[in-house]
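Residue-level structural notes
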Amino acid sequence: MAAAPLVAILMGSKSDWETMRQADEMLTRFEIPHECRVLSAHRTPAETAEYIGQAESRGTEVIIAAAGGAAHLAGVCAAHTILPVLGVPMESASLKGMDSLLSTVQMPAGIPVGTLAIGPAGARNAALLAIAILATSRPPLRDRLRQFRDEQRRKVLAETLP
Ligand code: RP5
């Protein structure tokens, strides 16, 4: 297996990619080595456990796990590693992601999952939070995060209304 990226983005289904590509794009923007994989807590339980079990020794520092419906992926990942796991609830057709949110966020004490917002905002913020975690020991990355915040600030202040 090739050397691991710093961040692993896992998703329960390829159908999650349209949302999770936003996390991929954010990490690419910050030039963070990362990889994206489809792995399911339900459909590929053994392979998910194997991948997460090897992540730390491969050099991965943060796991982002996205799933929808009875969304157990982030919790299962957290069960198999002490790396920080960030959960992104996917918007589901039947319950608009409330099922995914509650399944991801309501972890029993002892196995934490940092849960983000449902959908694209959660995907982008998961990447930004992963970057912030990496930045605690990487001063140049902290500078880039500050620059990103400043760009947002300038954009808001430049808005005009009709
Ligand atoms: C979850 O089930 C996936 O994360 C996805 O959000 C949802 C539906 O998956 P598909 O039926 O579209 O593959 O495991």
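Data block above holds the structure.
Throughout what follows, the structure given in this document is the object of discussion. Starting from 1, residues in each chain are numbered consecutively following that chain's sequence as written. Per-residue local features of the predicted model are confined to residues with pLDDT of at least 70, and side-chain atom pairs are confined, for both listing and counting, to 80 or more; whole-chain, interface and lining totals are unaffected and use all residues. Hydrogens and waters are ignored; side-chain quantities use all the structure's heavy atoms.

Brief notes about the overall build of the protein
- A count of helical and extended segments in the protein gives 6 helices and 5 strands.
- Values of the radius of gyration come from C-alpha atoms, whereas the globule rule sets the reference at 2.2 Å times the count of residues to the power 0.38. Taking 2.2 N^0.38 as the reference for a compact globule, 162 residues should give roughly 15 Å; the C-alpha atoms of the protein span a radius of gyration of 16 Å, in line with that estimate.
- Its C-alpha atoms give the protein principal-axis dimensions of roughly 50 × 40 × 30 Å.
- Burial classes follow relative accessibility: with a 1.4 Å probe on protein chains only, a residue under 20% of its type's maximum area counts as buried, one over 50% as exposed, and anything between as partly exposed. Buried residues in the protein amount to 43% of all 162 residues.
- In what follows, a contact means two residues having at least one pair of non-hydrogen atoms within 4.5 Å. Considering only contacts in the protein between residues 6 or more positions apart, those separated by 24 or more positions represent 67%.
- In this tally, Asp and Glu contribute negative charge and Lys and Arg positive charge; neither His nor the terminal groups of the chain are included. Note that the charge is assigned to NZ on lysines, CZ on arginines, CG on aspartates and CD on glutamates. Of the side chains in the protein, 16 bear a positive and 16 a negative charge, and the two mean positions are spaced by 5 Å. Helix and strand definitions follow DSSP, with helices as H or I runs of at least four residues and strands as E runs of at least two, each counted in order from the N terminus.

Points about the site of the ligand
- Neighbouring the ligand are G12, S13, S15, D16, R43, A67 and G68.
- Within the side chain of S15, one N or O atom sits 2.7 Å away from an oxygen atom of the ligand.
- R43 is positioned such that a nitrogen or oxygen atom in its side chain is 2.8 Å from an oxygen atom of the ligand.
- When the free accessible area of the ligand is taken as 360 Å², the share hidden by the protein chains comes to 65%. Throughout this document, a residue counts as near a molecule or strand when at least one of its heavy atoms sits within 4 Å of that molecule or strand. Two N or O atoms form a polar contact when they lie within 3.5 Å of each other; inside protein one atom must be a possible hydrogen donor and the other a possible acceptor, and for residues adjacent in sequence the pair counts only when both atoms belong to side chains. Per-residue accessibility takes into account occlusion by the displayed protein chains alone, with areas from the Shrake-Rupley method and a 1.4 Å probe.

Let's talk about the side chain of T48
- Its location among the elements puts T48 in helix 2 (residues 45–58).
- Taking the relative accessible area as the measure of exposure, T48 reaches 0% and is therefore buried.

Some points on the pattern of salt bridges
- Basic side-chain nitrogens of Lys or Arg form a salt bridge, by our definition, when they fall within 4 Å of a carboxyl oxygen of Asp or Glu. Applying the stated criterion to the full structure yields 9 salt bridges.
- Two residues, R58 and E35, come together in a salt bridge whose shortest N-O distance is 3.7 Å. Highlighted residues: R58 in helix 2 and E35 in strand 2 (residues 34–38), separated in sequence by 23 residues.
- For R58, a relative accessible area of 17% puts it in the buried group.
- Ionic pairing is found between E61 and R138, a salt bridge with its closest N-O pair at 2.8 Å. Of this pair, E61 sits in the loop between helix 2 and strand 3 (62–67) while R138 is found in the loop between helix 5 (120–135) and helix 6 (139–157), placing the two residues 77 residues apart along the sequence.
- E61 gets classed as partly exposed once you look at its relative accessible area, which sits at 30%.

Re unusual backbone geometry
- Even without being a glycine, E31 presents a positive backbone phi close to 55°.
- The topology assignment puts E31 in the loop between helix 1 (17–29) and strand 2.
- The exposed category is assigned to E31, whose relative accessible area is 61%.
- The phi torsion at K96 lies on the positive side, around 60°, for a residue other than glycine.

Brief notes about the packing of helix 5 against helix 6
- Closest axis-to-axis distance for the helix 5/helix 6 pair is 8 Å, and the angle between their directions is 140°. For the crossing formed where helix 5 meets helix 6, the hand is left-handed. Along the contact surface, helix 5 presents L128, I131, A132, L134 and A135, while helix 6 presents P139, L141, R142, L145 and F148. Structural elements are reduced to axes, namely lines fitted to C-alpha atoms, with helices fitted over the stretch in contact, and the angle between N-to-C directions of any two is expressed from 0 to 180 degrees. Here a crossing is taken to be left-handed if its near helix is turned anticlockwise relative to the far helix by less than a right angle, and right-handed if that turn runs clockwise.

Focus: the packing of helix 1 against helix 5
- Taken N-terminus to C-terminus, the directions of helix 1 and helix 5 make an angle of 30°; their axes are 7 Å apart at the nearest point. Considering their axes alone, helix 1 and helix 5 lie roughly parallel with respect to each other. You can see that helix 1 and helix 5 cross each other, and the crossing is right-handed. Judged by residue contacts, T19, M20, Q22, A23, M26 and L27 of helix 1 engage P120, A123, R124, A127, L128 and I131 from helix 5.
- The classification used treats Ala, Val, Leu, Ile, Met, Phe, Trp, Tyr, Cys and Pro as nonpolar, Asp, Glu, Lys and Arg as charged, and all other residues, Gly among them, as polar. Partitioning the contact of helix 1 with helix 5 into residue classes produces 9 nonpolar, 2 polar and 1 charged. If an angle is under 35 degrees, it is roughly parallel; if it is over 145, roughly antiparallel; if it lies from 65 to 115, roughly perpendicular; otherwise it is oblique.

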